[in-house]
Amino acid sequence: MKRIGNFSCLITSVLSLLVIFSPQALAQTDVSVQATVSETTIYTGERIQLSIQISGSFNEVSRPSLPSFPDGFRLLSNTPSTSRSYRYINGQSSTSYSYNYQLIAQQKGEYQIPAVSVTIDGEQYATEPIQVSVVDRNESARSAGNQQPDIFLQLEVSDSQPVVGQQIISDVVLYFQDGLEVNSYQPVPGWKAEGFWKEELNNAERPEATSTIINGVRYRRARLLQFALFPTKEGSLEISPYKIIVSVRSAGRSRNDPFSSFFGNLSGNQRQVELQTDPLTLDVQSLPASENNSYFGAVGSFQISREISTKQASEGASIEITTRIRGTGNVPLISKPQYELPEGLEVYEPKETSNLNRNNERINGTKLFTDVVVARSPGDYTIPEQKVSYYDPDKGSYVSQALPALSFKVTPSPNQVASPAGNDAMPVRPVTGLASWTTPASVSLLSYWWFWAGLLVPLCLLVLAYRQKTYYNRMSNDRAFARSRKASETASERLDRAIALSEEGEIKQAYNLLQKAITGFIGDRLNLPEAGLSNEEYIKALDNENIDAELVKNIRMLLDKCASISYAPETTHEYLKSHVGLAESTLEKLKKVL
Amino acid sequence: MAHAQQGPQAVFDEANNLLAQGQINQAISQYQQLENQQKLAGALFLNLGIAYQRIDSLGKAKYYYLKSAKFPETREQAQEALKYVNTQFSHQSAVLPQLPWDRATRWLQDNIGETRLLAIGLILFNLGILLFIATWFFRELPGLIKPLSFSVLGLTVIIIAAAFYTRYVNNRYSTAVMVTQEAVVAERPLEEAALVSRAFEGYTFTVDHKRSKTQPKWSYVRMSNGLYGWIPSKEILVL
């Protein structure tokens, strides 16, 4: 029973798979149903064509089920013009149906062409609604009084108030009036969008011109180029004018054929025009405050993963931690999330690679950051779980993601087994043995005694030397000063000689010398003439100096004695010595007062 | 407490034994005890650098090697160790050459020293004064002696001024080493201030103590690449 039951299950499963993966079922997975209109802005009374295009692999398709159109439009015929094509490429067949309906605009206003439903192989499909503007022809004619340019260039952005890092699409759009034919265009290099990271989007299709009405004038509109811009800072940022050189021709074309191709033939009245867009200012909003510091600069929609190159490595070997950020948004501007790495890891500059896809309107791609770390010592290491956040402008909030913890083991390097300290490469060994110990003392230079000694001693020497020099100079140049300074010395010499003469028996000459010693001393001290003065004149000079009377009296007595000794009987040596002693003491006193 | 009663050499020997046995943290603790007691030696700083290098704290290792290089007895080994440790850092800072005046001041500091410079200045001052006095009393001396004495005195003024300026520079500016993994050097001493540069472990700075005094938790630094800014003081060790 059990075995039969299993067999039944197997049969049921195989049949189910056959049903699910039948050619029909497989074909329906890539069916596309799209609705387009020939123009999105038209005058009242004009016609537009509504096209329903069905493509893919399918077997049965119903005619589109038309909705009730808004009051401003009327369906001209329920019977569409149809076309069908069939392709078979690489074993895959595909069919395309096109149903075209004509609608006429009856009233001015903004209208929405509702979704059209189609049944394909029993499945219901619906198109997207389409907005169409209907302009009153007469009102437009009145408002179109001012002159409109026949051709101009415009920069159109998808969002004029993006947040920092959010991608906006910037279209370079050419508008030209009917009657002009654009043959070619050439962008002028050097366009700058300061404050933005810009990427030109790949657009392989030829520009298609559609018709539109601006201020009552019908223009044909063609998107020439498309850029993705990422604001890098907040505030009012200006996009500088974009320039192109357009080759146009102004004749020989059907003026009312909005479906004709964009580029015409090179003939007729051809000229080259340089066009530039107006500068465009965007108000870039700052990102809302992040709850934690896990935001790493990504704006868009991303998937973030982190992996490690190995779970086990030897000491000193490099280990790579790869962070992969994949998604849509400001991929080029993303910076590496910061990780808390355990102690003991040496971190090198991360490598950074990115891969961008510019084929869609939204830049997408992958950015890889590879951290290279080297463990300097063996052990178990764990890089903890890390929360990272990016800002999703569609959601208007931060999206957080946790990157799991990474663990790895580092084993001792076989090359370092011989050295227990693990410092083979280190050229220096610890110093052992006696060390020369010091105790630092930071003292001011001014606190050294020898500084002051070295400074003051020579200065004192200088002062003394100056005084000595001045003395010598005066002794040489000032005779009165020199006599005065030498007076005592001269007097003393004379007195000594007087004693010597007395000892030799020349008493009278000795007294003569004693008189000279006294008068010479007084003359030298008072700067009197050296000869020709009487004793009385010397005494008088002393009186003029207000010398003590007793002292003057002694001098007078000595001088009188010296004068009278020539007439006196012979005197003794002892007698002279007593007079010399008296003279010495008297001159000593006189020296103090003169 | 037992260690406090031991001489510095005994503690040093004990720390060396611990280092040789691989008990690095204990060895560091003992070495730092000596450092805290202001018992300093080139060998102490060299061994501290080696110990920190063994526990992969390369910023501190560099700091102590730089300190050790100031002692003549370990200068050569410290410079070798510095050369090695500098190759181990994950980030290397660009180095802007010093201005000639700064280089001259640094040379005077490292090779002569302010005290010796001052002594030389004083000797020359005495010599200049004696020569000048001699011209007063010994008229038979050559006429060049007087201008020579003035030249010597002029030189003296320059040398003594250089000694005081070198001391001033030495007191105002110090070398510092970044000992944490990464830090921000900011334009102002605030967490949210504009970034000047990022600094990484092992980067050296010149700290301006005069400006840093105004901010207790920040230091005003000149980076090796010539940029100036504020760095949190906890990120660096000042020599």
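Residues numbered from 1 in each chain as written. Chains lettered and ligands numbered in written order. Predicted model: local features only at pLDDT ≥ 70, side-chain atom pairs only at ≥ 80, totals over all residues. Heavy atoms only, no water.

Taking an unreviewed UniProt entry as the reference, chain B is identified by name as SH3 domain-containing protein belonging to Fodinibius sediminis.

Chain A appears in an unreviewed UniProt entry as Oxygen tolerance from Fodinibius sediminis.

A. Just the environment of A:I48, in detail. Residues and elements named next belong to chain A. Inspection of the secondary structure assignment puts I48 in strand β3 (residues 47–56). I48 gets classed as buried once you look at its relative accessible area, which sits at 1%. Residues I48 and V37, spaced 11 residues apart in sequence, show a C-alpha to C-alpha distance of 6.5 Å. If we ignore the near neighbours within four places in the chain, the residues touching I48 are V37, S38, E39, I42, F73, Y101, Q102, L103 and V132. (Helix = DSSP H or I, 4+ residues; strand = E, 2+ residues; numbered from the N terminus. Buried < 20%, exposed > 50% of the residue type's maximum accessible area, 1.4 Å probe, protein only. Contact = heavy atoms within 4.5 Å.)

B. Summary view of the UniProt feature "transmembrane region" (unreviewed entry) in chain A. In the numbering used here, UniProt assigns the feature "transmembrane region" (unreviewed entry) to residues 448–466 of chain A. Measuring from the first to the last C-alpha atom of residues 448–466 of chain A gives 28 Å, for a span that is 95% helix and 0% strand. (UniProt positions renumbered as here; feature names shortened; annotations may be inferred.)

C. Structural view of the interface of chain B and chain A. Taken residue by residue, the interface counts 48 residues in chain B and 44 residues in chain A. Overall, the association of chain B and chain A removes approximately 4,000 Å² of surface from exposure, summing both partners, and the carbon and sulfur fraction of that is 67%. On the chain B side of the interface with chain A, the three residues burying the most area are B:Q9, B:R54 and B:W136, jointly 13% of the side's total. Remark: the boundary between chain B and chain A carries 0 salt bridges. (Buried area = accessible area lost by both parts, 1.4 Å probe. Salt bridge = Lys/Arg side-chain N within 4 Å of Asp/Glu carboxyl O.)

D. Main features of the packing of helix α4 (residues 449–477) of chain A against helix α8 (residues 114–137) of chain B. The N-to-C vectors of α4(A) and α8(B) enclose an angle of 5°; their axes lie 10 Å apart at closest approach. In terms of their interaxial angle, α4(A) and α8(B) are classed as roughly parallel. The class makeup of the residues in the contact of α4(A) with α8(B) is 20 nonpolar, 4 polar and 1 charged. (Axes fitted to C-alpha atoms, helices over the stretch in contact; angles between N-to-C directions. Parallel < 35°, antiparallel > 145°, perpendicular 65-115°, else oblique. Nonpolar A, V, L, I, M, F, W, Y, C, P; charged D, E, K, R; others polar.)

E. Representation of unusual backbone geometry within the structure. Residue and element names in this part refer to chain A. Although it is not a glycine, N527 sits at a positive phi angle of roughly 55°. With respect to the helices, strands and loops of the structure, N527 is situated in the loop between α6 (507–526) and α7 (535–544). Even without a glycine there, the phi angle at N546 is positive, about 55°.

F. Geometry of the pattern of salt bridges. Scanning all chains against the criterion turns up 15 salt bridges over all chains. Between A:R483 and A:D524 there is a salt bridge, with its nearest N and O atoms 2.8 Å apart. Remark: A:D524 occurs in helix α6 and A:R483 occurs in helix α5 (residues 479–503); sequence separation between them is 41 residues. Judged by relative accessible area, which is 11%, A:R483 ranks as buried. When its relative accessible area of 12% is taken as the criterion, A:D524 is described as buried. In this structure, the salt-bridge partner of B:D208 is B:R172, at a minimum N-O distance of 3.0 Å.

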